[in-house]
Every structure is written in C-alpha cells, then in structure tokens.
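For reference, the chains in residue letters:
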Amino acid sequence: MKHVIALVLFSVFTFAQDAQSPWKLSLGASGLEFYEKNDGNQIVPDGTNNNVLSSDLNFSAPYLELSRHIFGGLSLNVGYLSNNLALEQSGDIKYWSFYGGTILSGKSIFKLKNLDPTIRLAAGYANFGDEPKVGDQKLNGNGYLNGNIGFGISYKFADKFSAELNLNRKVYSKELSNILNEGGEKGAYSNEVTFGLSYHFGSTDSDGDGIKDSKDACPFDSGPENLNGCPDDDND
C-alpha cells in the first residue's frame with residue numbers, strides 16, 4: 001500500500017484520446033515490483049547459486065506506447081517497457097515486456113471535461129535477463145506470457161498534452177511460477193506503474209476548409225464553419 005501511495009505522488013504526462021486526434025504516442029518510465037504469493041520462496045536458479053528475487057520497487061526507462069482511437073471510448077494500444085528485478089544477495093535481472101490491448105475511457109460516461117479515467121486490458125510477453133539459457137539457468141533469457149489489467153487517470157492541461165498515471169497488475173503464466181516457487185502456493189505477478197510525456201496527433205482536414213474531418217459534416221467538400229463545413233450550394 002505504501003508503494004501505491006508513493007506512486008500517486010508522481011507527476012506524469014499524456015493526452016486524453018478521442019476521434020479529433022486519434023493517435024497518441026507516449027514516452028516515459030515505469031515502476032515495477034514483483035511478487036509470488038509465497039514471498040519466502042522466490043528462488044531464482046542462476047546456474048551456480050540460488051538467489052532470492054526481491055519485491056522492492058524499481059523505477060527505470062524507457063516506457064513507450066502507441067495507441068489508436070477506434071470509436072466511442074475504445075482505443076487499441078501496443079507498448080514496450082524495460083526495467084530491473086532486484087536480487088536480495090546481489091545484482092539484478094534485466095526485464096523487458098511487449099504488450100497489446102484495449103483502453104476503455106470513462107470521460108464521456110461521467111461527462112468530464114479535462115479528467116479521463118480509463119480501464120486497461122492487455123496481453124503480453126515478458127523476458128527476464130539478458131543472457132541465453134545455460135545449464136540449470138532457468139530464468140535468465142527466458143520469456144513468459146502474461147495478462148494485464150489496470151486503471152489510469154489523465155488530466156488535460158494543453159491542446160495536445162495532459163498528465164496521466166497508470167497502475168497495472170500483470171499475472172504471469174504457470175511456467176514462471178513453477179520456476180520461482182517449486183513448493184507452496186503458486187501465482188507470480190507484478191505491480192506496475194507507467195508515466196511519461198505523450199503527444200496526440202493524427203487529425204486531418206481532407207478538403208482544406210480549416211475544419212477537422214471529425215467535426216466536418218462534409219469532410220471531402222469545402223464549406224464555411226457556419227454550415228458545418230458543407231458547401232453553400234444555393235449561395236444564400
């Protein structure tokens with residue numbers, strides 16, 4: 001709980017996505033803490049000695065995400081992040097993850113102007129370590145599938161930018177849990193936070209009349225704003 005409170009204190013940046021500017025590119029950093037249900041048995045086989053995986057919170061960069069508004073409050077996203085998992089005895093294990101999923105916006109549901117609460121659902125692939133598997137080294141260099149559910153909040157403070165914070169729970173496949181905990185209750189998961197500066201783009205004006213296609217009633221025929229972008233055919 002103390003880690004979650006600490007994360008909320010971070011100031012972060014992105015843009016609330018909608019049909020007017022359907023693309024969003026986010027660049028920033030992430031925080032990661034890793035857990036097994038049985039914390040005392042998070043043993044990492046390293047080929048010679050067994051080490052214990054720490055649940056300490058680690059912050060690192062980069063975090064990169066690209067998303068595309070589809071319709072209503074639905075967007076699709078793909079992302080990448082890298083971090084480190086600390087070991088109790090010494091050193092750490094490099095970690096990187098690719099993911100893809102959906103973002104559901106609550107802005108229109110709650111009729112909010114600048115705030116945008118979101119629900120995030122994703123599936124991904126996470127890799128542990130930067131060395132190939134050698135002998136009994138079961139963790140470094142291996143990858144595992146995972147599912148991801150999270151919540152976010154953003155605050156729009158400029159035309160193409162706003163502040164955002166995402167908190168996610170990532171649950172890993174059974175294979176990873178079996179490696180880290182050969183006895184006791186199974187269940188490997190991590191808590192993640194992502195934050196960064198984002199740019200919202202992609203709005204178009206196909207007919208060049210100065211009205212974005214998303215607001216233009218006739219996006220391929222130029223017309224004045226008082227006619228919602230449609231031509232004045234009768235010149236009245």
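Each chain carries its own residue numbering, running from 1 in the direction its sequence is written. Residues qualify for local features only when their pLDDT is at least 70, as the model is predicted, and side-chain atom pairs are given and counted only at 80 or more; totals for whole chains, interfaces and linings, by contrast, use all residues. The side-chain values count all of the structure's non-hydrogen atoms but skip hydrogen atoms and water molecules.

**Details of the overall build of the protein chain**
For the record, the criterion: Secondary structure elements are taken from DSSP: a helix is a run of H or I of four residues or more, a strand is a run of E of two residues or more, and numbering for both begins at the N terminus. Burial classes: relative accessible area under 20% of the type maximum marks a residue as buried, over 50% as exposed, and values in between as partly exposed (1.4 Å probe, protein chains only). Residue contacts are defined here by distance: any two heavy atoms, one from each residue, within 4.5 Å place the two residues in contact. Here the Shrake-Rupley method, with its probe set to 1.4 Å, supplies the accessible areas, and only the displayed protein chains count as covering residues.
Assigned secondary structure in the protein chain consists of two helices and ten strands. Counting from the amino terminus, helix and strand elements in the protein chain follow one another as α-β-β-β-β-β-β-β-β-β-α-β. Taken over 236 residues, the protein chain has a buried fraction of 43%. Across the protein chain, the fraction of contacts at a sequence separation of at least 24, relative to all contacts at a separation of at least 6, is 60%. Carbon and sulfur atoms form 57% of the exposed surface of the protein chain, whose accessible area is close to 12,400 Å².

**Some details on the environment of Phe201**
By the secondary structure assignment, Phe201 is in strand E10 (residues 188-201). Taking the C-alpha atoms as reference, Phe201 lies 7.6 Å from Lys160; in sequence the two are 41 residues apart.

**Focus on the confidence of the model for the protein chain**
What counts here: pLDDT runs from 0 to 100 and stands for how confident the predictor is about each residue.
Overall, the predicted model of the protein chain reaches an average pLDDT of 77, with 72% of residues at or above 70. Taken element by element, the predicted model of the protein chain shows its lowest mean pLDDT in helix H1 (residues 2-8) (38) and its highest in strand E7 (residues 115-128) (92).

**Remarks on the state of the cysteines**
The following threshold applies: A pair of cysteine sulfur atoms is labelled a disulfide when the two atoms are within 2.5 Å.
Enumeration according to the criterion identifies one disulfide in this entry. Residue pairing for Cys218: its cysteine sulfur links by disulfide to Cys230, the two sulfurs lying 1.9 Å apart. Disulfide Cys218 to Cys230: torsion about the S-S bond roughly 85°, handedness right-handed. Taken together, the residues Cys218 in the segment after E10 and Cys230 in the segment after E10 connect sequence positions twelve residues apart. Taken as a pair, Cys218 and Cys230 share a single burial class, namely buried.

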